[in-house]
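# A structural walkthrough
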Amino acid sequence: MSSISCWGIGSGEGQVKLKFGVVSSDSHGQLHKDAFTRRMSQAKFGDRIPQLAETSDKENMSDPMDRVVERWRINGKFVEKRGVSNCAAYMNDPMRATFPQRWEEVPKGIYDPLERLKVLATDGIDGEVLFPNPPIQNATFFQGDAEFEEACVRAYNDAMYEEWYLVSRNFIPLALMPYLGGLDHTIAELRRVAKMGYKGILVVAEPAEVVGKTRGWDTSAQWGIEVENLQYKLPAFADRHWWPFWEACQDLDMPVHWHANAGLTFGTSLWKGYARPEAWVAVAPSSWSALSQFLPNLVFSGLLERFPRLKWVLAESGIGWFNYTLESIDHEWERRALWKHGIKRRPSEQLAAQVHLSSWFEAEGVRCVQIDKSHLMWQSDFPHNPSTYPRSREVINHIFKDVPQEIREKVLYKNVLALYKEEEVFAG
């Protein structure tokens with residue numbers, strides 16, 4: 001395979017070569033434990049700052065144990081009961097159920113980008129698009145008030161840029177957005193991170209459902225916001241309130257990312273008789289396909305037609321469900337003659353032009369998904385439980401066994417380079 005020079009280190013010095021021709025479109029970067037305390041005002045926020053704190057309270061442990069553990073604490077509230085980092089694929093546990101309980105138990109290859117590159121090389125991977133890891137809850141810092149949320153978001157974005165992107169350009173972190181302080185603040189942060197060099201942003205799919213009491217159940221409690229505080233009730237993602245934001249994303253050529261269930265809650269119950277490993281596999285597939293229930297909103301709200309150059313990326317959500325969704329919305333569009341009611345273009349044409357998909361294990365999905373292969377990417381999901389690590393090459397060979405080499409190269413790295421505007425340069 002041709003070697004490819006891409007993503008220099010820092011200001012462009014020390015460029016690296018793409019040895020394996022594989023870039024994960026969805027992995028997770030862990031910030032250092034002091035990332036927030038080093039970047040947020042102690043005088044202003046004090047102990048509210050995201051930081052690790054010791055606890056022996058079993059209420060803060062998904063697996064209660066008689067020991068003092070550490071947990072992330074934000075705005076005085078403990079989050080992520082499983083441990084201090086989500087890195088189960090790299091903890092030498094065949095069941096992938098082990099989470100570090102204290103920071104010193106976190107392997108260096110999880111939070112140190114140079115060590116991470118060494119780990120990736122053992123798995124035949126060159127680089128990664130980085131989504132958050134604890135303490136971030138599905139792209140949000142909704143805990144507390146608007147000023148605190150924005151300070152947390154800015155600290156996260158600065159830290160990922162400084163601790164990952166500037167250390168090695170093999171990593172493409174995604175920026176978070178603040179929501180609570182008003183649209184001007186959201187757009188200001190978008191422009192700030194674009195100027196820094198960020199190539200994409202991560203948002204929740206439906207802001208109206210994660211802040212405020214909506215659809216009959218309370219989803220705000222997990223974020224630490226009082227549901228009756230109407231100051232922080234957010235409009236639906238398709239509301240014209242957000243149009244200036246979507247327009248700014250389009251003008252800046254900043255792809256919008258939804259990850260896994262993107263913060264959506266559909267109210268399904270879980271049988272209490274499951275053991276922990278069974279409970280995980282019972283809920284994971286439905287979480288990955290949650291966007292199949294939400295994606296039609298992107299079309300029928302008219303957003304795709306209103307912002308035809310805006311790219312949408314669905315990560316860690318699989319692709320097997322996409323064909324049904326595509327055909328069903330085309331069917332409804334035709335049956336109800338929706339071109340007479342404002343949806344001028346066929347839905348499948350809109351999605352084909354603007355939506356990008358990502359998958360990690362679906363061989364049949366890669367072969368059969370009804371989308372141009374220039375809009376399909378592969379992910380390893382390292383270091384999370386479902387990750388293909390340390391057998392990524394074996395998984396890739398299985399998935400692409402009968403796939404033409406041209407498509408294989410597109411899905412494994414070329415589409416990522418194109419989406420995030422990274423130039424492919426062949427070595428002499």
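Remember, predicted model here, so these are calculated numbers, not experimental data.

## Quick word on the overall build of the protein
Along the backbone of the protein there are 15 helices and 17 strands. Evaluated residue by residue, the protein yields a buried proportion of 57% over its 428 residues. Long-range contacts, defined as pairs at least 24 residues apart, comprise 71% of the intrachain contacts of the protein with a sequence gap of at least 6.

## Here's the deal with the sheet that holds strand β8 (residues 171–173)
Across the sheet, which stays open at both edges, the three strands sit in the order β3-β7-β8 with parallel pairing between neighbours. Strand pairing shows two members of the sheet lacking a second neighbour, β3 (23–28) and β8, which therefore form its edges. Between one strand and the next, the sheet's axes are offset by a mean angle of 25°, whatever the strand orientation. Pairing geometry for β3 and strand β7 (residues 127–131), over four bridges, is parallel. In the strand pairing of β7, His28 is matched with Phe131.

## A word on the confidence of the model for the protein
Residues of the protein with pLDDT of at least 70 account for 89%, and the chain-wide mean is 89. In this model residues 213–219 is a low-confidence stretch, pLDDT under 50, and it forms 14 contacts with partners more than four residues away in sequence or in other chains.

## Here we look at the sheet that holds strand β4 (residues 51–55)
Spatial ordering of the open sheet is given by β4-β5-β6, a layout of three strands whose pairing is antiparallel. Across the chains shown, the open sheet's two edge strands, defined by having one partner strand only, are β4 and β6 (77–79). Taken pair by pair, the neighbouring strands of this sheet meet at an average axis angle of 55°, ignoring direction. Pairing of β4 with strand β5 (residues 69–74), which is carried by five bridges, proceeds in the antiparallel orientation. By the bridge assignment for β5, Glu54 is matched with Glu70.

## Focus on the packing of aromatic side chains
Aromatic ring pairs are described here by two measures, namely the spacing of the ring centres and the angle between the planes. Taken as a whole, this structure holds 22 aromatic pairs when the rule is applied. Linked through ring pairs, Tyr179, Phe237, Trp242, Phe245, Trp246, Trp258, Phe294 and Trp312 together constitute an aromatic cluster. Between Arg48 and the ring centre of Phe148, over which it is positioned, the NZ or CZ distance is 4.5 Å. A cation sits over an aromatic face here: Arg306 above Trp243, 3.7 Å from the ring centre.

## Considerations on the side chain of Asn86
Along the chain, Asn86 falls in the loop between β6 and α2 (108–111). Of note is the side chain of Asn86, whose polar atom sits 3.3 Å from the side chain of His384. When residues no more than four places from it in sequence are discounted, the contact partners of Asn86 are Gln30, Phe99, Asn133, Pro134, Pro383, His384 and Asn385.

## Quick notes on helix α12 (residues 347–354)
Among the residues of α12, Pro347, Ser348, Gln350, Leu351 and Gln354 are the ones counted as buried. One side of α12 holds all its buried residues, which, seen down the axis, span an arc of 160°. Elements that come into contact with the buried residues of α12 comprise α9 (291–300), α10 (303–306), β14 (312–315), α11 (322–335) and β15 (355–359).

## Some details on the pattern of salt bridges
On inspection of all chains with the given rule, the structure shows 27 salt bridges. Across the pair Glu105 and Arg67 runs a salt bridge, and its minimum N-O distance is 2.9 Å. Highlighted residues: Glu105 in the loop between β6 and α2 and Arg67 in the loop between β4 and β5, separated in sequence by 38 residues. A relative accessible area of 32% means that Arg67 is categorised as partly exposed. Put simply, Arg38, Arg39, Glu162 and Glu163 are held in one network by salt bridges that share partners.

## Description of the pairing of strand β13 (residues 256–259)
Of the two faces of β13, the one carrying Val256 and Trp258 and the one carrying His257 and His259 are both buried. When strand β10 (residues 201–202) meets β13, the two strands line up parallel, connected through two bridges. Residue Leu202 lies in a different strand from β13, and its bridge partner there is His257. Bridge analysis of β13 against β14 gives four bridges, and the strand direction is parallel. When the bridges of β14 are listed, His257 appears paired with Val313.

## Brief notes about the environment of Pro296
Here Pro296 is to be found in helix α9. For the pair formed by Pro296 and Thr325, sequence separation is 29 residues and the distance between their alpha carbons is 7.6 Å. In contact with Pro296, other than residues within four places in its own chain, are Thr325 and Ile329.

## Quick notes on unusual backbone geometry
In this chain, Pro134 is followed by Pro135 through a cis amide linkage whose omega measures 15°. Locating Pro135 in the fold gives a position in the loop between β7 and α4 (146–165). Here the amide bond leading from Tyr389 into Pro390 is cis, since omega sits at 0°, within 30 degrees of zero. Mapped onto the elements of the fold, Pro390 is located in the loop between β16 (376–378) and α14 (392–399). One non-glycine residue, Asp253, lies in the positive phi region at around 55°. Tracing the backbone shows Asp253 in the loop between α7 (243–251) and β13. With a phi angle near 55°, Ala262 is a residue other than glycine that sits in the positive phi range.

## Description of the pairing of β15
Most of β15 is tucked away: five of the five residues are buried. The alternating pattern of β15 places Val355, Leu357 and Ser359 and His356 and Ser358 on opposite faces, both of which are buried. Pairing analysis gives three bridges linking β14 to β15, with the strands arranged parallel. Paired with Leu314 across the two strands is Leu357, which belongs to β15. Note: β15 against β16, three bridges, orientation parallel. Counted as the bridge partner of Ser358 is Met377 from β16. Between β15 and its parallel partner β16, the chain crosses via helix α13 (residues 363–368), and the hand of that crossover is right-handed.

The rules behind the values
- Residues numbered from 1 in each chain as written.
- Predicted model: local features only at pLDDT ≥ 70, side-chain atom pairs only at ≥ 80, totals over all residues.
- Heavy atoms only, no water.
- Helix = DSSP H or I, 4+ residues; strand = E, 2+ residues; numbered from the N terminus.
- Buried < 20%, exposed > 50% of the residue type's maximum accessible area, 1.4 Å probe, protein only.
- Contact = heavy atoms within 4.5 Å.
- Pairing = 2+ DSSP bridges.
- Axes fitted to C-alpha atoms, helices over the stretch in contact; angles between N-to-C directions.
- pLDDT = per-residue confidence, 0-100.
- Phe/Tyr/Trp six-rings, centres within 6.5 Å; stacked < 30°, edge-to-face > 60°.
- Lys NZ or Arg CZ within 6 Å of the ring centre and 35° of its normal.
- Polar contact = N/O pair within 3.5 Å; in protein donor to acceptor, adjacent residues only side chain to side chain.
- Arc of directions from axis to C-beta.
- Salt bridge = Lys/Arg side-chain N within 4 Å of Asp/Glu carboxyl O.
- Right-handed = clockwise from strand over helix to strand, strands pointing away.

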